[in-house]
Structure formats: structure tokens, C-alpha cells
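Architecture and fold: a report
As a plain string of letters, each chain reads:
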There are 2 protein chains.
Amino acid sequence: MTSIPAPRIVTVRQSILKANDATAAENRQTFALSGVRAINLVSSPGAGKTALLERTLRDLSGSMKMAVAVGDLATDNDAARLRQWGAQAEQIVTGTICHLDAGMVQNILPKFDLNELEVLFLENVGNLVCPASYDLGEAARAVLISTTEGEDKPLKYPTMFNTADVVVLTKMDLAAAAEFDLALCRENIDRARPGVRVIELSSKKGSGLEAWYEFVRGAAF
Amino acid sequence: MTSIPAPRIVTVRQSILKANDATAAENRQTFALSGVRAINLVSSPGAGKTALLERTLRDLSGSMKMAVAVGDLATDNDAARLRQWGAQAEQIVTGTICHLDAGMVQNILPKFDLNELEVLFLENVGNLVCPASYDLGEAARAVLISTTEGEDKPLKYPTMFNTADVVVLTKMDLAAAAEFDLALCRENIDRARPGVRVIELSSKKGSGLEAWYEFVRGAAF
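Let us look at the structure shown here. (Residues numbered from 1 in each chain as written. Chains lettered and ligands numbered in written order. Predicted model: local features only at pLDDT ≥ 70, side-chain atom pairs only at ≥ 80, totals over all residues. Heavy atoms only, no water.)

Let's shift gears to the relation of the copies chain B and chain A. Of the two same-sequence chains, chain B is brought onto chain A (RMSD 0.0 Å, axial shift 0.0 Å) by a rotation of 180°. Read as a symmetry element, the transformation amounts to a two-fold axis. Of the interface residues in chain B, 100% have counterparts in chain A that sit at the interface too, so the contact is made through matching surfaces. (Least-squares fit on C-alpha atoms with pLDDT ≥ 70 in both. Contact = heavy atoms within 4.5 Å.)

Structure representation (C-alpha cells):
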């Protein structure tokens, strides 16, 4: 078997993460100085990040200044979906990269008037692995998992759940049809991230959103 | 912003992929010499790879010799699920790596008696980005997408769909509840991978499986 010596890859990887952390610290300071709460949303593809943001913009845009930076490998469909609700949404096209990094976020920030904003959502690439290691400078990280994905995901993607400030169970309206075992899923979440707050909601039906909105506003819980 | 010069990363990445391709070629020869059809299954987390394999093992194990090598970041839950159906299933724990590579597959092959096997499923890590670039030496690659994930995934993850030999639409039993637009999804699949065969099925209800079993057996279509 042909192989690349592991140490070289590890060194490059560590350097990338170190550089990312430095940039993330700069972003964090920028957000703090502007009074912006940045929220990093991560999940599998199709767990409902954009649907939740659409609902959030629709419900809260009268009372709170919000904007979105959204990452995808290709297309700016999500930004277009989000702009329908009157909020600024900027697409970051990542090409072959499976996550946002702090530099991509830093590069897009000049497009926003941060002093006018209260909340900036950073909608990450749909992926339960890569985004886990990349701090974007966010104030909080929300991991979404849908009831149709199965209850085992927190155990299979521990790093992602380890780094979550809140876990959002989406598509609760499909729970019965998918024969979703809520108690088992909550148990697995708690094993991966003991004590983490879990919010159960349906963006489509509008259930459970108040707890999410408390989190968005930065209420302690 | 602190950053690593891009060329160095690109060089390492190209070397990794080149080494992977060499090992994949070795695997492909091994499979050919043993008369084993290797099928690489890729999808988002929770799209139903393991459920489809469980159903396949249950339905076909009387008529065909099958085994599974399954990749996950953590846990050997999937291998345990698959062994219930009497087939050999070996877990590859990938740690922080978001995909199987040809070397991981090569390292696990001595655990199987390839001369006894007809089909070896390589169940990849649940991820629509990373596995796309890694040839495992498979005869065919199946991309699964569930009706609950949304119709836009082929456009958002073009590389994964570009490399598919077949696209399997899973959880068709949830299509109505999820308000899934089948025509739109098929149109998006065809844009990403013109002419690719699409199989619609439900592992839970047992619908649409015959087309999948034809693919498993290697029937031309």
C-alpha cells in the first residue's frame, strides 16, 4: 500500500486549525465590539437549517435585526430562500470544502453593517463531521438533528455534539411517521453532551419555536 | 488574517488522492480476481444506508453470498445491526476522518474470505462531501438520498452525484408526509448527473426493492 507519512498531514492539519483559531478570535472580537450575537448552525444535509432560519426571520424580523451568512459547496439557493423574508443573506460558496472556516466568515463580514445587526446566523455546510473542528468566532453553536435521521447520530458523530451549546430536534411533525424514538434520542444526546439543552420543534408546523427564539435572543438557560 | 499558503495544502491533498488511487487500483484488482462485486454506498447521515443493507441481507442472503464493511467515526452499532441478518459485517472506525479511503478498505479485506463472496458492500461514512473524492476500488457507487432531506441536494453536492452509478431515493413511504416533490428532485438529479438511473424505494415498506436488487446483482441497466 502506498501511503503518505502521517506526521506531515497532522502537522499541516494542526497549522490550519491554529490559523483558523486566530482568525476566529478576531471575528469574536469584531462581533463583541458591534454587539452582534453570532450563531453557528450545523447539521446533516436536509435537517432543516434553512427552513428554521426562514421561519425565524418571518417571526422575529419585526422585533430584531437579523442577517445570515450561508455556506454551501455550490449554488446560492439558500441565500435566495432567506432573502424572501427581507433579511440580508450572503452566500459563501465553498467549492469542495466541507465546512465554513473563520477566514471565509471574516471575508464576508464587510458586506454586512454589523453596527445595525443584533444577530448574525452562520449557516454552515450540511455536514456532521468537518464543521465540528472549525471555530468561526460564534457566540453559540446549535446542532440540528431531524427526527427522520435516526436516534443514533449523537453517538456516531460525537465531536459535533460535544461542541454544541444547544441541540435542536427538527421535523417533530414527522416523528410519528418516522417511528422516531424521542426518549432514546435524548438519551444519546445526553451521552454525547451531558446536560446540553434540547429544543424540540417543527419549523413547518410552528411548534416549539419559543424555546428556540429564547436561544436566538441569548437568554440564559 | 493568518493563513497557510494554499499551494502546500493543495500539494498534500493531491498526494493523498494519488496514493489513494493507487491503493484503490490494487483493491479493484483483488475484487476482480476473487469475483467479488464491491458496492460503495454513500449518503447523508440518516438517509438509510444501514436500513437498506439490513433489508437486502434479509431478502437475498439465501441466494447470494454478501458481506459488509462499514465506516463510522465512532461506534460499531451499524456492524452489530447488520450481523443480525447472518452476514459478516466488519466495522471500520475512522476517528475524525469523514470518509472511507482505499487503505482502510485494503486493511480490512483480510478479515473476509473473498473467494466465498459475491457482493461486498462498502458502507461509507454518512457525508455528502468527503467520500466523493475517494475511490475505494468499488465496481459501482450508489448515492442514497431520502425524501425527507429536500429536493435540492443534487445541486448542492454536485461532486457526490457526479460520481454516482445509481441514485437511490429512500424513505418513499415518507414522501407525502414530507411534501416531497419527486419530479423536482428527479430533475435536479438529472442536472447533476444526466441520464443516471434513479431507483425509488422504501426499505421499511419493501417497495421498489427489485430494481435495487438488480443493481446489486450487477445486471446492466
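With that out of the way, let us pick up the interface of chain B and chain A. Between chain B and chain A, the residue contacts involve 48 residues of the former and 48 residues of the latter. Here chain B is connected to chain A by 6 salt bridges. With its nearest N and O atoms 3.6 Å apart, the salt bridge here joins lysine 204 of chain B to glutamate 179 of chain A. One can count 8 residue pairs in polar contact (both at pLDDT 80 or more) joining chain B with chain A. Looking at the side of chain B that touches chain A, the elements that each hand over two or more residues are helix H1 (6-34), helix H3 (77-83), helix H4 (102-108) and helix H5 (153-156) of chain B. Here the side of chain B that touches chain A is built from residues that sort into 21 nonpolar, 15 polar and 12 charged. (Salt bridge = Lys/Arg side-chain N within 4 Å of Asp/Glu carboxyl O. Polar contact = N/O pair within 3.5 Å; in protein donor to acceptor, adjacent residues only side chain to side chain. Helix = DSSP H or I, 4+ residues; strand = E, 2+ residues; numbered from the N terminus. Nonpolar A, V, L, I, M, F, W, Y, C, P; charged D, E, K, R; others polar.)

With that settled, the discussion passes to the pairing of strand E4 (residues 119-123) of chain A. All names here are of chain A. The element E4 is largely enclosed, with a buried count of 5 among its 5 residues. In E4, alternate side chains face the same way, and those of Val119, Phe121 and Glu123 on one face and Leu120 and Leu122 on the other are all buried. Note that strand E1 (residues 37-42) and E4 share 5 bridges and pair parallel. Each residue of the ladder has a partner; that of alanine 38, found in E4, is leucine 120. (Buried < 20%, exposed > 50% of the residue type's maximum accessible area, 1.4 Å probe, protein only. Pairing = 2+ DSSP bridges.)

This next bit is on the packing of helix H2 (residues 49-60) of chain B against helix H8 (residues 209-217) of chain B. All names here are of chain B. It is at 11 Å that the axes of H2 and H8 come closest, and there the two elements cross at 80°. As the angle between them shows, H2 and H8 are arranged roughly perpendicular. From H2, Leu52, Arg55, Thr56, Asp59 and Leu60 reach across to H8, where they touch Leu209, Trp212, Tyr213, Val216 and Arg217. Residues belonging to the contact of H2 with H8 are distributed by class as follows: 6 nonpolar, 1 polar and 3 charged. (Axes fitted to C-alpha atoms, helices over the stretch in contact; angles between N-to-C directions. Parallel < 35°, antiparallel > 145°, perpendicular 65-115°, else oblique.)

Another aspect to go through is the state of the cysteines. In a disulfide, the sulfur atoms of two cysteines are covalently bonded to one another. Residue and element names in this part refer to chain A. Tallied over the entire structure, the rule returns 2 disulfides over all chains. Covalent S-S linkage joins cysteine 98 and cysteine 130, the inter-sulfur distance amounting to 2.3 Å. Handedness here is read from the sign of the S-S torsion; for cysteine 98 and cysteine 130, about -100°, the answer is left-handed. One end of the pair, cysteine 98, is in the loop between strand E3 (88-93) and helix H4 (102-108); the other, cysteine 130, is in the loop between E4 and strand E5 (140-146), with 32 residues separating them in the sequence. (Disulfide = S-S within 2.5 Å.)

To continue, consider the pattern of salt bridges. Pairing between side chains of opposite charge can happen when their charged atoms approach one another. All names here are of chain B. All chains considered together, the criterion is met by 28 salt bridges over all chains. In this structure, the salt-bridge partner of arginine 58 is aspartate 59, at a minimum N-O distance of 4.0 Å. Classification of aspartate 59 as partly exposed rests on a relative accessible area of 33%. The salt bridge involving lysine 111 is made with glutamate 90; its shortest N-O contact spans 3.9 Å.

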